[in-house]
Amino acid sequence: MGYNNEGFSIYDLQLLIEGLGVSVWIFLVSTIIGLLLGCFIGLVRFYRIPILAQVLMVLSEFLKNSPVLVQLFLVYFGIPALFAIDISPFQAAVITLSGNTASFVAIIVISSIEAIDKRQLDAARSFAFSEVQIMKCVIFPQSLSLAMPLLVSLAINQLQVTSLISVIGVVDITRVGDIINQRTFEPFIVWPIIGLTYFILAKVIATVGSLLEEKYSAYRMVNKL
Amino acid sequence: MLDLSAMAGYLPEFVEGFIITAQVSIISIIGSFIVGLMVALARVSTNKIFNFISLIYVDLFRNIPFIVLIFFGYYGLPEIGIYINAFWTGCLVLSIAVGAYVGETIRAGILGIDKGIVEAARSFGFSKLKLYRKIILPISLTVSVRPLGSVFINLILTTSILSTITLNELTGVSKVIASNTFRPFEVYVFLVLLYGALTFVISGLITLWHKRLNRYLEEGV
């Protein structure tokens, strides 16, 4: 019985496609959770809600200023050991990446709200707009158009960050590359293919992003920013 | 719950890991600066071939995850007859990858220079070399101290990924300590705080340096 374990097979392609699915799925889930969480942190800090704003600020500063790899280890190895609970690699990946994305989104949210002329808010208040109405009709549409380019480049960056989850055992594109590389010993074929896969994914996000940017560019066009 | 006493005995190991992280960071900062300077000059040059190559370089290395590059370097280099250890592989790949970001940052600084200054220098008969050496590079580098600083802080955080190719820097050492003490939570919280403090101090120093260098410039501070 000759079983050849070396060389490439058609199943490697299947593995790569499965890994691609896992990477894209984790990217989408963590980006959406990160966006919602980041908007929440940004608003809490913008309205200066006492205690909560300070706690969230310190937390997001440490999330921004430490390696994502260490954050992954903290969630995957540290939290189960301390609280005696089980966390799957997939859950750890989503928790870490969402938190990390949120801390960057919060900065973008705050800076794009603060970029709006304060006189507009005064004007809206003098017309007896409620705070919710001001947020919905004055701040949000303009901030969105300012934030869009920053959010797109954040998304491209976060796609690359997803590759780190391979280290805690999630079978994403990078892990698939590692598995195939360990078996075939063909690093010069495997890694360029993996790299190219990420490159194409990044270009897809950039294309979608520039469409979104264009769609929400009205405010920047008017103010020639 | 929280118990830091188990970690205390491992202070020498932490220090050793920190030293390796510092060494890799310093070597790679120098390396990526040299690479980045060349990329930036190629990007702004009038030579179409240099332009094209540097554009591809920047686009590739900014869109491929570092962990993929480091695996390629670690498993690929021995295949082409280059036998270097994890430390130097890390320095090499970091320099090449971060060089793309450094290049774009310096390029932004060069493009931001007032055209009038360049024209003035030209009218005084400066050669191209002298123009770059005496006018363009000094101005663009002083203006981009802070953006370069955040690129280099990112580089320091990225060194943690070298733990995946068996280098026992700060993160690699912590993995060993976490499994020896069975205290992963305390070890990794400590590590997050340590990296946070480190980047906080460095970005403070960069801001001070930036202010000092740009004290004669009205804009850019």
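Everything below is about the structure shown above.
Residues numbered from 1 in each chain as written. Chains lettered and ligands numbered in written order. Predicted model: local features only at pLDDT ≥ 70, side-chain atom pairs only at ≥ 80, totals over all residues. Heavy atoms only, no water.

Engineer: Which residues make up the layout of surface pockets, and what are the values?
Structural biologist: Over the atoms rolls a probe the size of a water molecule, and its path tells where empty space is left. All names here are of chain A. The computed volume of the second largest pocket comes to approximately 800 Å³. Lining the second largest pocket are 32 residues, with Thr31, Leu35, Leu144, Met148 and Leu151 positioned closest to its centre. Taken together, the elements giving at least two residues each to the lining of the second largest pocket come down to α1 (10–46), α4 (89–114), α6 (131–161) and α8 (187–215). Considering each element in turn, the lining of the second largest pocket owes the most residues, 12 residues, to α6. Grouping the amino acids of the lining of the second largest pocket by side-chain chemistry returns 27 nonpolar, five polar and no charged. (1 Å grid on protein atoms, 1.4 Å probe; cavity = no way out; pocket = protein on both sides within 12 Å on 5 of 7 lines; lining within 4 Å. Points joined across faces, edges and corners; volume = space filled by probe spheres on them. Helix = DSSP H or I, 4+ residues; strand = E, 2+ residues; numbered from the N terminus. Nonpolar A, V, L, I, M, F, W, Y, C, P; charged D, E, K, R; others polar.)

Engineer: Which residues make up unusual backbone geometry, and what values do they have?
Structural biologist: With a phi angle near 65 degrees, A:Ala128 is a residue other than glycine that sits in the positive phi range. One can find A:Ala128 in the loop between α5 (118–126) and α6. Located in the positive-phi region is B:Phe182, a residue other than glycine, with phi close to 55 degrees. Inspection of the secondary structure assignment puts B:Phe182 in the loop between α9 (170–181) and α10 (184–213).

Engineer: Can you break down the environment of B:Ile34 residue by residue, with the values?
Structural biologist: Note on placement: B:Ile34 falls in helix α2 (residues 11–44). For the pair B:Ile34 and B:Gly99, spaced 65 residues apart in sequence, the C-alpha to C-alpha distance is 7.6 Å.

Engineer: Could you give an account of the packing of helix α5 (residues 86–111) of chain B against helix α8 (residues 145–158) of chain B, with specific residues and numbers?
Structural biologist: Residues and elements named next belong to chain B. Relative to each other, α5 and α8 sit at 165 degrees, their axes nearing to 9 Å. Between α5 and α8, the angle is such that the two are roughly antiparallel. The interaxial crossing formed by α5 with α8 has right-handed handedness. Across the interface between the two elements, Leu94, Val98, Tyr101, Val102, Thr105 and Ile106 from α5 touch Pro147, Leu148, Val151, Phe152, Leu155 and Thr158 from α8. For the contact of α5 with α8, the class distribution of residues is 10 nonpolar, two polar and no charged. (Axes fitted to C-alpha atoms, helices over the stretch in contact; angles between N-to-C directions. Parallel < 35°, antiparallel > 145°, perpendicular 65-115°, else oblique. Left-handed = near helix turned anticlockwise from the far one by under 90°. Contact = heavy atoms within 4.5 Å.)

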